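Single-letter residue listing:
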Amino acid sequence: DKAQTKALFDKHKPTHVIHLAAMVGGLFHNMAHNLDFFRENMAINDNVLQTSYEYNVKKVVSCLSTCIFPDKTTYPIDETMVHNGPPHISNFGYSYAKRMIDVLNRGYKEQHGCMFTSVVPCNVFGPHDNFSLTDSHVIPALIRRMHDAMINGEEKFTVLGSGRPLRQFIFSEDLARLFVWALRHYHSVDPLILSVDEEEEVSIAEVAEAIKQAHGYEGEIVFDTSKADGQHKKTASNRKLRALNKHFQFTPLHTAVHFTVDWFKHNREHARL
C-alpha cells in the first residue's frame, strides 16, 4: 500500500533502510500462486524504493533470493549471473520480481545517484520464522510437522519429495549481522551473495535427519517421491563476501537447527502457524 508506506517513512524519517518486505512462501505455495507473487512483490519493491528516493534515504539494502538465478546455469552461482536466463518454472513470479530490484537499483543509481543495493541470502531459517503448514519454507515446515507427529505419536514421518535436492542454509541471526555489516561497509550497487560456504551445502534428507535429532524423534523418516522436488541445486559462491569480510563465522547448521527447534517448542503458542 503506497499510502501506508509513505506514512511509515513520514513517521520515522529513516536515513537508512533494510528492505525485507515481501510476499514469500515455500515451493508448493509458489507453484500455486506465481502471478500473485509477481504482482505483490513488484508493488512492494516499487513502493519502498520510490519512497526511499522521495525521502532522501542515504542507503537502501534490499533482500533478494538465490531462486532468482537461472535454472540452467553452471555452479557455483555468482553475482554476475542474475539475469543470464529464466529462473526455475516453479517460482518464476517471485524470482522475476526479486530480479527487478536489481534493475530498479541500477536505475536509481544512474538517474538519481542513489546508493540502493541488494544482497542475496541463501535459504534462511531461525526463531520467529513462519511455521505454517501451507506456506512456510522447508526447515520451519519440517520442524512444525515433526513436532505434530511426535504429539500424535506417529511412528513414521513423511518428507514431501525425494529428499535429494541440495541447499545452503543460513541462520537468521548470522544473516542479521551480515545485513548490518553490508549497510555500514558495502558500497556497490552490484548484488552481494550472503551465503555459507559451498561445502556446507546439504540435502533435504540430511536436514530432516538434523531436525529429527534436535526433536529427539524416534520414528522413521520416509519420502513421498510423488511430490515435486523443485530445483535440484542452487549452489552459490560466497567468494566475494569472503574477500570483503574474511573473518565472519557462520553458526554450524546442527547448532542452528537445535536452537530453532528449542525456540519453536518453547514458543509454539505464540509462533506464526
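Remember, predicted model here, so these are calculated numbers, not experimental data. (Residues numbered from 1 in each chain as written. Predicted model: local features only at pLDDT ≥ 70, side-chain atom pairs only at ≥ 80, totals over all residues. Heavy atoms only, no water.)

Participant: Quick question: what am I supposed to make of the environment of E218 here?
Facilitator: Turning to its location among the elements, E218 is positioned in the loop between α7 (204–215) and β10 (220–224). Separated by 174 residues in sequence, E218 and I44 have C-alpha atoms that sit 43 Å apart. (Helix = DSSP H or I, 4+ residues; strand = E, 2+ residues; numbered from the N terminus.)

Participant: Looking at this structure, I do not really get the pattern of salt bridges. What am I missing?
Facilitator: Side chains that carry opposite charge are capable of pairing whenever their charged atoms lie near each other. Tallying each qualifying case throughout the model produces 10 salt bridges. With a closest N to O distance of 3.1 Å, R106 and D190 form a salt bridge. Taken together, the residues span a long stretch of sequence, with R106 in helix α4 (residues 92–112) and D190 in the loop between α6 (172–185) and β8 (192–194) at a distance of 84 residues. With its nearest N and O atoms 3.3 Å apart, the salt bridge here joins D148 to R144. Separated by four residues within a single helix, D148 and R144 lie in helix α5 (residues 138–151), roughly one turn from each other. Just as D148 is buried, R144 falls in that class too. (Salt bridge = Lys/Arg side-chain N within 4 Å of Asp/Glu carboxyl O. Buried < 20%, exposed > 50% of the residue type's maximum accessible area, 1.4 Å probe, protein only.)

Participant: What should I look at first to understand the packing of aromatic side chains in this one?
Facilitator: The way to describe two aromatic rings as a pair is by their centre distance and the angle between their planes. Enumeration over the complete set of coordinates arrives at 11 aromatic pairs. Here Y108 and F116 contribute two aromatic rings whose centre-to-centre distance is 5.3 Å and whose plane-to-plane angle is 50°, an arrangement assigned as tilted. We note that Y108, like F116, is buried. Considering the side-chain rings of F171 and F259, the 5.8 Å spacing of their centres and the 75° angle between planes classify their relative orientation as edge-to-face. Taken as a pair, F171 in strand β7 (residues 169–171) and F259 in helix α9 (residues 253–267) lie far apart in primary sequence, 88 residues in all. Looking at F259, the relative accessible area reads 44%, which means it is partly exposed. An aromatic cluster is built from F125, F169, F171 and F259, whose rings are joined through pairwise contacts. If you follow K233 out to its NZ or CZ, it ends over the ring of Y75, 4.9 Å from the centre. (Phe/Tyr/Trp six-rings, centres within 6.5 Å; stacked < 30°, edge-to-face > 60°. Lys NZ or Arg CZ within 6 Å of the ring centre and 35° of its normal.)

Participant: Help me out: how do you make sense of the nonpolar core in this one?
Facilitator: Inside soluble globular proteins, nonpolar side chains tend to come together where they are buried. Counting residues in each nonpolar core, the largest one holds 27 residues, and the members touching the most others are F125, F169, I211 and V257. The set of elements that each furnish at least two residues to this core consists of α5, β5 (156–160), β7, α7 and α9. Of all hydrophobic cores here, the second largest spans 18 residues; its members include V119, L175, Y186 and L192. (Core = buried A, V, L, I, M, F, W, Y, C linked by side-chain atoms within 4.5 Å.)

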